[in-house]
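As a plain string of letters, each chain reads:
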Amino acid sequence: MTLDVGPEDELPDWAAAKEFYQKYDPKDVIGRGVSSVVRRCVHRATGHEFAVKIMEVTTERLSPEQLEEVREATRRETHILRQVAGHPHIITLIDSYESSSFMFLVFDLMRKGELFDYLTEKVALSEKETRSIMRSLLEAVSFLHANNIVHRDLKPENILLDDNMQIRLSDFGFSCHLEPGEKLRELCGTPGYLAPEILKCSMDETHPGYGKEVDLWACGVILFTLLAGSPPFWHRRQILMLRMVMEGRYQFGSPEWDDRSDTVKDLISRLLHVDPAGRLTAEQALRHPFFERCEGSQPWSLSPRQRFRVGPRARGRAAAPSPVSRGGCCPTARCPLPGGRVDSAGGRARGRKLPPGSAADQERAGEGSLRAAASAAPDRQLCLPALRALGEEGRAAEPGSPLPAPAPWAVPQHGP
């Protein structure tokens, strides 16, 4: 989809990007990030079309520290993309160029766009279509983890669709190598997809850190969202949303989940497991009966009384409130981060930010719907003061919680 061109989308001059221009002819703008523009481009020698991500790295837009951070992050992303080249469900890096003021990454052109946009058009997907998407995503995640790489920003916006509606995982800006036994501590990712251990790590200096398991939590959020058309953890007050994430409180509400199978609910519960040690790995998830049932494989044998925690069933969707002010979720402190992804290390936020819709539009969408959650840009901020407040609240909390108590949900026996 071609986007309107603004002043910030001006093409680099020939002198600043000679090497790129000699090989490619840039065309229309098809996407934007906080610090980048994505254009369709044509390979001059063959006429083949690709997508180029153009990042301006000048002192006019970034401080010297930010410049070095962007360059280093892009080099790391490029290295990882070359390492995973050839996987059928990971975006292919074709070329990369770097000048004194611009960086260029040339990728396959994914004409069908983001899974996020596809989902907002369809509202929710069938289990059959979801099964195909999640199998491909988990295969990509399994491949990354086998190569000691953690993605850290899995979400529908970073899953692209090709002409055959096959997915490709993209945006490796937060990815890094993680050796066995090694842990990470930095706060980065997209708020609604952050695993509990990432939040707890940012609140507790004694926390041991987090590992590859955070990618499987994000897969659970994506699986839930594809089937329900809304995210599992959503509240207009972000401090409550963060608490819901850390306690693993979500609900299979009506009517969205009335016709969904017990099998897929079981898989979601095993991915959205608060304790990372009890969370499925990508390989284990691919062996779950949700995937095996359509291939004639033997399903797992599950205990008939096995239980997991979910919130009580909703009586229906409530109307979405208006977006909160740009001060964020903390009434006593302004959130320092804009909408989109967050990175505590550099104090920067990156990623797509959608314009807020009107209150009437959000009422029609319903609280917690995917479009309402994405549209309320201020609510997608990860407010660092909110995390600190949540930590203080946890230490001084009295018995009782304003959130509804979760109800157990019995998993029926799976088997012949």
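Residues numbered from 1 in each chain as written. Predicted model: local features only at pLDDT ≥ 70, side-chain atom pairs only at ≥ 80, totals over all residues. Heavy atoms only, no water.

**Examining the overall build of the protein chain**
Assigned secondary structure in the protein chain consists of 13 helices and 13 strands. When each of the 416 residues of the protein chain is scored for burial, the buried share is 54%. Across the protein chain, contacts joining residues at least 24 apart in sequence account for 69% of those joining residues at least 6 apart. In the structure as shown, the protein chain presents an accessible area of about 18,700 Å², 50% of it carried by carbon and sulfur atoms. (Helix = DSSP H or I, 4+ residues; strand = E, 2+ residues; numbered from the N terminus. Buried < 20%, exposed > 50% of the residue type's maximum accessible area, 1.4 Å probe, protein only. Contact = heavy atoms within 4.5 Å. Areas by Shrake-Rupley, 256 points an atom, 1.4 Å probe, with all protein chains shown as cover.)

**Quick look at the UniProt feature "binding site: ATP" (unreviewed entry) in the protein chain**
According to UniProt, the feature "binding site: ATP" (unreviewed entry) maps to K53 in the numbering used here. Summarising the element assignment, K53 is placed in strand β3 (residues 49-56). Filtering out sequence-adjacent residues up to four positions away, K53 remains in contact with S36, V37, V38, E77, M103, F104, L105 and F107. (UniProt positions renumbered as here; feature names shortened; annotations may be inferred.)

**Examining helix α6 (residues 213-228)**
Here α6 is 16 residues long and its end C-alpha atoms lie 23 Å apart, about the 22 Å a rise of 1.5 Å per residue gives. Among the 16 residues of α6, 15 are classified as buried, and the element is accordingly described as predominantly covered. Remark: G229 follows α6 within two positions and exhibits a positive phi of approximately 75°. (Expected span 1.5 Å × (residues − 1).)

**Topic: the pattern of salt bridges**
Per the stated rule, a full pass over the model turns up 15 salt bridges. Note that E186 is salt-bridged to R152, the shortest N-O span being 2.8 Å. Taken as a pair, E186 in the loop between β9 (176-177) and β10 (188-189) and R152 in the loop between β6 (149-150) and β7 (159-161) lie far apart in primary sequence, 34 residues in all. What makes R152 buried here is its relative accessible area of 8%. (Salt bridge = Lys/Arg side-chain N within 4 Å of Asp/Glu carboxyl O.)

**A few points about the sheet that holds strand β1 (residues 24-32)**
On the basis of which strands lie adjacent, the open sheet formed by five strands has the order β1-β2-β3-β5-β4 and antiparallel pairing. In this open sheet, the two strands that pair with only one neighbour each are β1 and β4 (93-98). Along the sheet, successive strands turn relative to each other by an average axial angle of 25°, direction set aside. The pairing of strand β2 (residues 36-43) with β3 spans seven bridges and is classified as antiparallel. From the neighbouring strand, S36 faces β3, where its bridge partner is M55. (Pairing = 2+ DSSP bridges. Axes fitted to C-alpha atoms, helices over the stretch in contact; angles between N-to-C directions.)

**Digging into the packing of helix α5 (residues 196-203) against helix α7 (residues 238-247)**
α7 packs onto α5 with a crossing angle of 115° between their chain directions and a minimal axis gap of 8 Å. Between α5 and α7, the angle falls in the class roughly perpendicular. Between α5 and α7 lies a crossing whose hand is left-handed. Contacts between α5 and α7 pair P196, L199, K200 and M203 from the former with L242, V245 and M246 from the latter. In the contact of α5 with α7, the residues fall into six nonpolar, no polar and one charged. (Parallel < 35°, antiparallel > 145°, perpendicular 65-115°, else oblique. Left-handed = near helix turned anticlockwise from the far one by under 90°. Nonpolar A, V, L, I, M, F, W, Y, C, P; charged D, E, K, R; others polar.)

**Description of the nonpolar core**
By size, the foremost hydrophobic cluster in this structure holds 79 residues, and its most contacted members are L137 and F233. Broken down by element, this core gets its largest block of residues, twelve residues, from α6. Taken domain by domain, the makeup of this core includes at least three residues from each of domain 1 (16-108) and domain 2 (113-291). Listed in part, the twelve residues of the second largest apolar core include A17, Y24, F102 and F104. (Core = buried A, V, L, I, M, F, W, Y, C linked by side-chain atoms within 4.5 Å. Domains from an automatic or database assignment.)

**Section: the confidence of the model for the protein chain**
Overall, the predicted model of the protein chain reaches an average pLDDT of 77, with 67% of residues at or above 70. Within the model, pLDDT remains below 50 along residues 344-367, and this stretch shows 64 contacts once partners closer than five positions in the same chain are excluded. When the criterion is pLDDT under 50, residues 396-416 qualifies, and its contacts beyond four places in sequence or with other chains add up to 47 contacts. (pLDDT = per-residue confidence, 0-100.)

**With respect to the environment of A277**
Inspection of the secondary structure puts A277 in the loop between α8 (262-271) and α9 (282-286). For A277, a relative accessible area of 72% corresponds to the exposed category.

**Section: α8**
In terms of burial, α8 is a largely internal element, nine of the ten residues being buried. Those residues of α8 that sit buried are T263, V264, K265, D266, L267, I268, S269, R270 and L271.

**A few points about unusual backbone geometry**
Omega for the peptide link from S254 to P255 comes to 10°, which places this bond in the cis form. Here P255 lies in the loop between α7 and α8. The backbone of N148 sits at a positive phi, close to 60°, despite the residue not being glycine. By secondary structure assignment, the location of N148 is in the loop between α4 (127-146) and β6. You can call N148 buried: its relative accessible area is 19%.

**Points about the packing of aromatic side chains**
Considering all chains together, one arrives at 15 aromatic pairs under this definition. Between Y24 and F50, the aromatic rings sit 6.2 Å apart at their centres with planes inclined by 90°, giving edge-to-face as the arrangement. Here Y24, found in strand β1, pairs with F50, found in strand β3; they are 26 residues apart in sequence, far enough to count as distant. Judged by its relative accessible area of 13%, F50 falls in the buried class. An aromatic cluster is present here, built from F20, Y21, Y24, F50, Y97, F102 and F104 joined pairwise through their rings. In this arrangement the basic side chain of R131 is found over the ring face of F290, its NZ or CZ atom lying 4.7 Å from the centre. Positioned above the aromatic ring of F252, the side-chain terminus of K265 is 5.8 Å from the ring centre. (Phe/Tyr/Trp six-rings, centres within 6.5 Å; stacked < 30°, edge-to-face > 60°. Lys NZ or Arg CZ within 6 Å of the ring centre and 35° of its normal.)

**Here's the deal with the pairing of β2**
Across the eight residues that make up β2, a large majority, six, are buried. With six bridges connecting them, β1 and β2 associate as antiparallel partners. What sits directly across from V29, in β2, is R39. Here β2 folds back onto β3, and the loop between the two strands holds five residues, one of which, G47, carries a positive phi near 80°.

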